[in-house]
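Letter by letter, the chains look like this.
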Protein chains: 2
Amino acid sequence: MKYKPADALNKATELFWQKGFQGTKMRDLQDKLDMRPGSIYAGFGSKEGLFLQVIDCYVEQSLKKIDDYNELAKTPLDALYNFVTDYIFVDGKLENCRVCLLVKTVSETETGPEHLHAHALAGLEKMEQKFCELFTQARQQGLLKQEANPELLGKWLQMQIMGLVMYSKNCTNKNDITMMIESVFSSFQPHV
Amino acid sequence: MKYKPADALNKATELFWQKGFQGTKMRDLQDKLDMRPGSIYAGFGSKEGLFLQVIDCYVEQSLKKIDDYNELAKTPLDALYNFVTDYIFVDGKLENCRVCLLVKTVSETETGPEHLHAHALAGLEKMEQKFCELFTQARQQGLLKQEANPELLGKWLQMQIMGLVMYSKNCTNKNDITMMIESVFSSFQPHV
DNA sequence: ACTGGACTTGAACACTTGTTCAAGTTAAAT
DNA sequence: ATTTAACTTGAACAAGTGTTCAAGTCCAGT
């Protein structure tokens, strides 16, 4: 496969993210990627194969995104805070927030194709691990109580993000969400 | 429409809940409901029409379920706690937990059919209102600080449930989830 | 110039999709 | 017994589905 897959994968990601796995039709992909069916099958094997690669690509980019935030922010906790805030307020607007592709896929394939489900779950696990990493750093820097459990905090943050993002679909009040984010992150501060 | 829709609607709910709107095919419904296409269309208008009725039915039953919990429990807070716990640990097992049909639909139709999306959101709003109701009762009974805002607590609980349920798909450790539920509900107790 | 392999094309295929409809059944009201 | 309206049936339809494949294009290595 010599085809420049980066651009194609990003376009495919956009489609799958918008419409889900089942909602995305091969014809949609053909139009969006400007590739004929044969090329897509030569390059990616099948719709499922393409989707799996899209997920890998998505996970890789998401992990990198967190690293980028971490380099820019003063502390790992700030990085996580900024990551979450920017994820929910895209261009400052709550309406632009979209459910994470992995979460969407997990929900869609709850009973569906086993390997798609497993693949999305594996991606989420990597995200959680990354959260855990940053919490570990934060503790080393004395930003958390010494007894704090980074692994548990990672799980907790993962859960909170899932809740925040899903709930943001159901909420028109920017203020409510802002308060919730504050509330989530204030629980990470060491007891004063 | 004289057809006994109760049984049919429940069976349809089961299918849509398992497979989602797009994932559920008319043939599946025909088999599960043991009805021929003409009958389904006479009774429900279309696949979308049936789905909308399924959602209404689901919301109604969910609201009633909370009322039932409220009658059985000592306090509204206990009722909510039991509701959440039983929702996540179905038959005591984390694996049996399924993403709420409304949440699943919101996620699936994020960009898709406008009215399906709106209908699911409306259902979620009713659930939130019910949570708010119970929190109001709890405050009247002195179980919450007088300054507590039941409306905000309702939103908060809605968000937390979404997070807990979605995260439970990604978690094999029953203990972790139990701790998270405790953590969520301990935040409702008045400051000691 | 020639070969060979990777990539592309677009028509075509077999199957599935949601939906329709003419014909048949039921059962209460006249 | 006749009418009427609601409901059921199941074959059929048109459109859409993921996928294939013979034929063509490209281009690096000989």
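Scroll up for the structure.
Calculation notes
- Residues numbered from 1 in each chain as written.
- Chains lettered and ligands numbered in written order.
- Predicted model: local features only at pLDDT ≥ 70, side-chain atom pairs only at ≥ 80, totals over all residues.
- Helix = DSSP H or I, 4+ residues; strand = E, 2+ residues; numbered from the N terminus.
- Buried ≥ 20, exposed ≤ 12 C-beta atoms within 10 Å, placed from the backbone.
- Least-squares fit on C-alpha atoms with pLDDT ≥ 70 in both.
- Contact = placed C-beta atoms within 7 Å.
- Nonpolar A, V, L, I, M, F, W, Y, C, P; charged D, E, K, R; others polar.
- Axes fitted to C-alpha atoms, helices over the stretch in contact; angles between N-to-C directions.
- Parallel < 35°, antiparallel > 145°, perpendicular 65-115°, else oblique.
- Left-handed = near helix turned anticlockwise from the far one by under 90°.
- Expected span 1.5 Å × (residues − 1).

Participant: Before we go on, may I ask you to explain the overall build of chain A in this structure?
Facilitator: When helices and strands are counted, chain A shows 9 helices and 0 strands. When its helices and strands are written in sequence order, chain A yields α-α-α-α-α-α-α-α-α. Each principal axis of the C-alpha atoms in chain A carries an extent, and together these give about 60 × 35 × 35 Å. Per-residue burial over chain A gives 36% buried out of 192 residues.

Participant: Hey, could you run me through the relation of the copies chain A and chain B in this one?
Facilitator: There are two copies of the chain, and a rotation about an axis plus a shift along that axis relates them. For the pair chain A and chain B, the superposition axis carries a translation of 0.0 Å, the fit reaches an RMSD of 0.0 Å, and the rotation angle comes to 180 degrees. Read as a symmetry element, the transformation amounts to a two-fold axis. Relative to the rotation axis, the C-alpha of Gly163(A) is the closest in chain A, positioned 1.8 Å from it. The fraction of interface residues of chain A whose copies in chain B are also interface residues reaches 100%, indicating that both copies meet through the same surface.

Participant: Can you help me understand the interface of chain A and chain B in this one?
Facilitator: Many descriptions give the size of an interface as the accessible area lost when the pieces come together. Listed by partner, the interface residues are 32 residues for chain A and 32 residues for chain B. Put simply, the parts of the chain that give the side of chain A that touches chain B at least two residues each are α1 (5-23), α6 (101-108), α7 (114-140), α8 (150-168) and α9 (174-186) of chain A. Per-element accounting of the side of chain A that touches chain B gives the leading share, 10 residues, to α8(A). Partitioned by chemical class, the residues of the side of chain A that touches chain B number 12 nonpolar, 11 polar and 9 charged.

Participant: Sorry, what's going on with the packing of helix α5 (residues 76-88) of chain B against helix α7 (residues 114-140) of chain B here?
Facilitator: In helix packing, the relevant descriptors are the interaxial angle and the interaxial distance, both defined with respect to the helix axes. Residues and elements named next belong to chain B. Relative orientation of the contacting elements α5 and α7 amounts to 145 degrees, with a least axis distance of 8 Å. Taken together, the residues of α7 that come into contact with α5 (itself represented by Pro76, Leu77, Ala79 and Leu80) are Phe131, Leu134, Gln137 and Ala138. For the contact of α5 with α7, the residue count by class is 7 nonpolar, 1 polar and no charged.

Participant: How should the packing of helix α5 (residues 76-88) of chain A against α8(A) be read in this particular structure?
Facilitator: Residue and element names in this part refer to chain A. Between α5 and α8, whose axes approach to 10 Å, the crossing angle comes to 20 degrees. As far as their axial angle goes, α8 and α5 are roughly parallel. As for how α5 packs across α8, the hand of that crossing is right-handed. Of the residues in α8, those touching α5 at Leu80, Val84 and Ile88 are Leu157, Ile161, Leu164, Val165 and Ser168. Among the residues forming the contact of α5 with α8, the class breakdown is 7 nonpolar, 1 polar and no charged.

Participant: What exactly am I supposed to notice about helix α4 (residues 47-72) of chain B here?
Facilitator: Helical geometry note: an α-helix holds 3.6 residues per turn, so side chains three or four residues apart project in the same direction. All names here are of chain B. Between its first and last C-alpha, α4 extends 37 Å over 26 residues, near the 38 Å set by a 1.5 Å rise per residue. Residues of α4 that are buried include every one of Leu50, Phe51, Val54, Ile55, Tyr58 and Val59, and no others. Where the residues of α4 are buried, they touch α1 (5-23), α3 (37-44), α6 (101-108) and α7.

Participant: Mind showing me how you'd approach the environment of His117(A) here?
Facilitator: All names here are of chain A. Assignment of secondary structure puts His117 in helix α7. The partly exposed category is assigned to His117, around which 18 C-beta atoms lie within 10 Å. Each C-alpha atom, one on His117 and one on Val103, is 9.8 Å from the other, the two residues being 14 residues apart in sequence. Apart from the residues within four sequence positions on either side, His117 is in contact with Val106, Thr109 and Gly112.

Participant: How do you make sense of the environment of Asp31(B) when you look at a structure like this?
Facilitator: Take Asp31(B): it is sitting in helix α2 (residues 26-33). Separated by 133 residues in the primary sequence, Asp31(B) and Leu164(B) place their C-alpha atoms 34 Å from one another.

Participant: Would you mind showing me how to read the environment of Leu143(B) here?
Facilitator: All names here are of chain B. Along the chain, Leu143 falls in the loop between α7 and α8 (150-168). With 17 C-beta atoms counted inside 10 Å, the residue Leu143 sits in the partly exposed group. Once the C-alpha coordinates of Leu143 and Val106 are considered, the two residues, 37 residues apart in sequence, prove to be 33 Å apart. If sequence neighbours within four positions are ignored, Leu143 has contacts with Thr75, Leu77 and Ala138.

Participant: How should I be thinking about unusual backbone geometry in this particular structure?
Facilitator: Trans peptide bonds make up most of the peptide bonds, and negative phi angles are found at most residues other than glycine. Residues and elements named next belong to chain B. One non-glycine residue, Asp34, adopts positive backbone phi at about 50 degrees. As for its placement among the helices and strands, Asp34 is situated in the loop between α2 and α3. Residue Asp34 is classed as exposed on the basis of its 10 C-beta neighbours within 10 Å. At Asp91, a position not held by glycine, the phi torsion is positive, near 55 degrees. By the secondary structure assignment, Asp91 is in the loop between α5 and α6.

Nothing here speaks to function; it is geometry throughout.
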